[in-house]
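Architecture and fold: a report
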Amino acid sequence: MSTSSHVAPPTTSAETLKPLCQQAFKHMVRARVLEDKLASLYRAGGRIVGGVYVGRGQEALSAALTVHLTKGKDLYAGLIRDQAGKMAFGESILDATRTYLGSVLGPMRGRDGNIHRGRPREGMPAMISHLGTMVSVIGGMLLSRRLQGTIGDCVGATCIGDGGTSTGAFHEAVNLAAIEKLPMVISVANNLYAYSTPNNRSFACDSLVDRAKGYGIEGYAVDGTDLPACVETFRHAVARARAGHGPQMVVGTFLRLSGHGEHDDASYIPEEVKNSPQGRDCLPLSEQKLIERGWFTKEEVQELYDNAKDEADKAIAKSSSEPLPDPYKESWNALASPLLVEE
Amino acid sequence: MSLTYLEAIREAQYEALRRDPRVFIYGQDIGKFGGAFKATKHLDSEFPGRVIDAPISEDAMVGTAIGAAIEGSRPIIEMQFADFSSVGFNQIVNQAATQFWRTNVPCPIVIRLPSGGTAGSGPFHSQSMESIYAHYPGLIILTPATVEDAYHMLLAAIDLDDPVIFCEHKFLYYHLKADSLPDATLPIGKARIARPGRHATVVAYSAMVHESIRAADELQQDGYQIEVVDLRSVKPIDTDTILASVARTGRLLCVGESFPWGGVTAEVIARVVADGFHLLDAPPQRLNAKDTPIPYHPNLWKAHRPTAASIGAELRKLLKF
């Protein structure tokens, strides 16, 4: 019988945490820099197709999950605000910029945009906008590997926000994963708002971690602005899932530091929430913590930013010069079975 | 050997599980219990671990199948009733149907829908969903009307790299029998001339093929030879065979068991009017169920969906035009 837990996992040694936190922080910086550039391109108009949805404030929780995963072995369904997690899992920056800029060379070839990208055959399914649906897709990928005898000690991680935990899809899929005892890690990013709707209009339980108990799975709460705490919690959860203890749920709480998308000024978020501990920005906070622990120098952090800017500029420039989808060359065929395409 | 339509579905699944280790079946009560209609009877013991009981979670069942397909499995999902697939609708039309087009990764899943009405089944156990799913690009919609097609089309569906909505008709489960199965049937996407004729064409599919043939048999006593075209697959739809039949007869009635608004019958008529207007000697007609939820009492139910009698009456009007 599994037990739900709100208790923080045992303390991990500094030796173990250091490289993981360094790695996670690097991708937090890369994601923030890239997304700030994409947001300014959006505001300038004309270049970005569709909207821009950034993970500002969510980077610590997002990257802290995937530094424990291995691309090519594990599975990861990052969501709308998981740029940092996708990068830490090994998504190329070009996949992001090509998708936002509509390049035909991107993984979605201009057929789908912005955060909907993925490479399903490489363990990263492409999300759809209907929240909650990716949980069962990751479950199915794990089940298939189990049936084919190729699952080994692989873990499938899936992400959801506080708003998405209200969907039937989420509940059905977590319940199913629990029944099948799948090695799944469910990251719940409680950023306090589902678009403009605050937690108290989204759910009535004290904590979203309570939901884990209802499914008979293990659950953990973590301060989503605290990078070392996030890394430690996911380290525990991923290890538990790998070791065969079934689905693990981690709920990280923090404030979304922007609107739902760049079109949204988030004026509905009151000042007192912005000024609360949850409203702190995980990026400078993590920088401060890592420097205090001697895991980075100020100069090294500056170098991370410089490299990230250079990398983002190059990717945007490259993607901007690439061919766009051409309606005359498009196959306009929605089927994989060519013999069944209607004239 | 004698085989029912339901046994053909069971045999096709047996064969698919036997010949391809990537195939598994997922659905409610399909394991030891053998399924609500027994379409998976004994399969659990014959293929342990590959015929898996699902919780009552149609959304998660379809999502699971999609994830499994991405990883190289070929899942078959049994919906207990076609009606319940509406709970998994989102995963079917938004996730499965868009998967290949968006990501270039095929999504080979088969969703079996026990469809259509049987007496006393009422509003939530009698629906025909083919028109709903046919509306969405990226899905293949099959509606077998014979024991042979139930077997061969299900096997072919499992081999396809696209998501297939397999609409098997509950009324046909026990009513149809075949003495033996041929080695093959027509390929998916081809319609079949179920009964040749020259005075009018009835285009039908699934259980309505049999009602239409009965109507045609009755009209034969008055000297009318009615051609019945069995669509077999509603998407893709075999417009060529329909037009060729209308070219022979000059008159068209399209019959479907689903609700009348839009749908397969409207699609057939739109295509014939657009591409074969010059072939028509009379305005093409369609006959569907009534535009109400499906009634529970057999007295009402029999009058709700098209029958040989109501099809015959429509044909007489069409022939007099």
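Scoring rules and cut-offs
Residues numbered from 1 in each chain as written. Chains lettered and ligands numbered in written order. Predicted model: local features only at pLDDT ≥ 70, side-chain atom pairs only at ≥ 80, totals over all residues. Heavy atoms only, no water. Core = buried A, V, L, I, M, F, W, Y, C linked by side-chain atoms within 4.5 Å. Buried < 20%, exposed > 50% of the residue type's maximum accessible area, 1.4 Å probe, protein only. Helix = DSSP H or I, 4+ residues; strand = E, 2+ residues; numbered from the N terminus. Domains from an automatic or database assignment. Contact = heavy atoms within 4.5 Å. Pairing = 2+ DSSP bridges. Axes fitted to C-alpha atoms, helices over the stretch in contact; angles between N-to-C directions. Parallel < 35°, antiparallel > 145°, perpendicular 65-115°, else oblique. Left-handed = near helix turned anticlockwise from the far one by under 90°. Nonpolar A, V, L, I, M, F, W, Y, C, P; charged D, E, K, R; others polar. Salt bridge = Lys/Arg side-chain N within 4 Å of Asp/Glu carboxyl O. Buried area = accessible area lost by both parts, 1.4 Å probe. Polar contact = N/O pair within 3.5 Å; in protein donor to acceptor, adjacent residues only side chain to side chain.

Naming follows an unreviewed UniProt entry, where chain B appears as Alpha-ketoacid dehydrogenase subunit beta of Phragmitibacter flavus.

**A short note on the nonpolar core**
By size, the foremost hydrophobic cluster in this structure holds 142 residues, and its most contacted members are Phe25(A), Leu227(A) and Val268(B). Looking at this core element by element, the count peaks at twelve residues for helix 1 (residues 14–44) of chain A. Residue-level mapping places this core at the junction of two domains, with at least three residues from each of domain 1 (3–178) and domain 2 (192–320) of chain B. Contact partners of Phe25(A), with chain neighbours within four places excluded, come to Leu227(A), Leu283(A), Ser286(A), Glu287(A), Leu290(A), Phe296(A), Val301(A) and Leu304(A). One finds Val23(B), Ile30(B), Ala39(B) and Val164(B) within the second-largest nonpolar core, a separate group that totals 40 residues.

**Section: the environment of Val185(A)**
Residues and elements named next belong to chain A. Within the fold, Val 185 resides in strand 3 (residues 184–190). With relative accessibility at 0%, the residue Val 185 sits in the buried group. Along the primary structure Val 185 and Met 249 are separated by 64 residues, whereas in three dimensions their C-alpha atoms are 5.9 Å apart. Residues within four places of Val 185 in sequence aside, it is in contact with Leu 65, Val 155, Gly 156, Ala 157, Thr 158, Phe 234, Ala 237, Val 238, Ala 241 and Gln 248.

**Considering unusual backbone geometry**
For the bond running from Lys235(B) to Pro236(B), omega is 5 degrees, close enough to zero to count as cis. Examined against the element boundaries, Pro236(B) turns out to sit in the loop between strand 12 (233–235) and helix 9 (239–249). Even without a glycine there, the phi angle at Ala266(A) is positive, about 55 degrees. Summarising the element assignment, Ala266(A) is placed in the loop between strand 7 (248–253) and helix 9 (271–274). Positioned with a positive phi, Lys38(B) is a non-glycine residue whose angle comes to about 70 degrees. Positionally, Lys38(B) belongs in the loop between strand 2 (23–27) and helix 2 (43–46). We classify Lys38(B) as partly exposed; its relative accessible area is 32%.

**Considering the sheet that holds strand 6 (residues 218–223) of chain A**
Residues and elements named next belong to chain A. Ordered by their spatial adjacency, five strands build an open sheet running 1-2-3-7-6, and the pairing between neighbours is parallel. Each having just a single partner strand, strand 1 (75–77) and strand 6 make up the two edges of the open sheet. Here the strands of the sheet are splayed against their neighbours by 15 degrees on average, with no regard to which way each runs. Here strand 2 (residues 156–161) pairs with strand 3 via six bridges, running parallel.

**Some thoughts on the packing of helix 5 (residues 133–148) of chain A against helix 3 (residues 58–70) of chain B**
Contact geometry of helix 5 of chain A with helix 3 of chain B gives a least axis separation of 6 Å together with a crossing angle of 50 degrees. With respect to each other, helix 5 of chain A and helix 3 of chain B are oriented oblique. Viewed along their axes, helix 5 of chain A and helix 3 of chain B form a crossing whose handedness is right-handed. Counting all contacts with helix 5 of chain A, which are made through Ser136(A), Val137(A), Gly140(A), Met141(A), Leu143(A) and Ser144(A), the residues of helix 3 of chain B involved are Asp59(B), Ala60(B), Gly63(B), Thr64(B), Ile66(B), Gly67(B), Ala68(B) and Ile70(B). Its residues assigned to classes, the contact of helix 5 of chain A with helix 3 of chain B comprises seven nonpolar, six polar and one charged.

**Considerations on the packing of helix 1 of chain A against helix 10 (residues 282–292) of chain A**
Residue and element names in this part refer to chain A. With their axes 11 Å apart at the nearest point, helix 1 and helix 10 run at an angle of 150 degrees to one another. Crossing hand, helix 1 versus helix 10: left-handed. Listed contacts from helix 10 to Cys 21, Gln 22, Phe 25, Met 28, Val 29 and Arg 32 of helix 1 are Cys 282, Leu 283, Ser 286, Glu 287 and Leu 290. A breakdown of the residues in the contact of helix 1 with helix 10 according to their chemical character gives seven nonpolar, two polar and two charged.

**Here we look at the pattern of salt bridges**
All names here are of chain B. A full pass over the atoms with the stated rule returns 42 salt bridges over all chains. Salt-bridge contacts for Arg 18 lead to Glu 15; the nearest nitrogen and oxygen are separated by 2.8 Å. Here Glu 15 and Arg 18 lie together in helix 1 (residues 5–19), a separation of three residues that amounts to about one turn. Two residues, Glu 168 and Arg 112, come together in a salt bridge whose shortest N-O distance is 2.8 Å. Within this pair, whereas Glu 168 is found in strand 7 (residues 164–169), its partner Arg 112 is found in strand 5 (residues 110–115), the two being separated by 56 residues in sequence.

**Digging into the sheet that holds strand 9 (residues 192–195) of chain B**
Residue and element names in this part refer to chain B. Taken in spatial order, the five strands make up an open sheet running 9-11-10-13-14, and their pairing is mixed. Of all the strands in the sheet, the pair left with one neighbour each is strand 9 and strand 14 (285–287). Going across the sheet, the axis of each strand differs from the next one's by a mean of 25 degrees, ignoring polarity. Judged from the three bridges that link them, strand 13 (residues 252–255) and strand 14 form a sheet pairing that is parallel. When the sheet's bridge partners are listed, Cys 254 is paired in strand 14 with Arg 286.

**Points about the interface of chain B and chain A**
The interface of chain B with chain A comprises 45 residues on the first partner and 39 residues on the second. Across the chain B/chain A interface, buried area totals approximately 3,600 Å², and carbon plus sulfur atoms make up 58% of it. Among the residues of chain B in contact with chain A, Glu71(B), Trp101(B) and Arg102(B) are the three that bury the most area, contributing 24% of the side total. Put simply, chain B and chain A have two salt bridges between them. A salt bridge links Arg102(B) to Asp112(A), with the shortest nitrogen-to-oxygen separation between them at 2.7 Å. Scanning the region where chain B abuts chain A turns up 21 residue pairs in polar contact (both at pLDDT 80 or more). For the side of chain B that touches chain A, the secondary structure elements donating two or more residues are strand 2, strand 3 (51–53), helix 3 and helix 4 (89–103) of chain B. Sort the elements by how many residues they give to the side of chain B that touches chain A and helix 3 of chain B lands first, with ten residues. Considering only residue class, the side of chain B that touches chain A consists of 21 nonpolar, 15 polar and nine charged.

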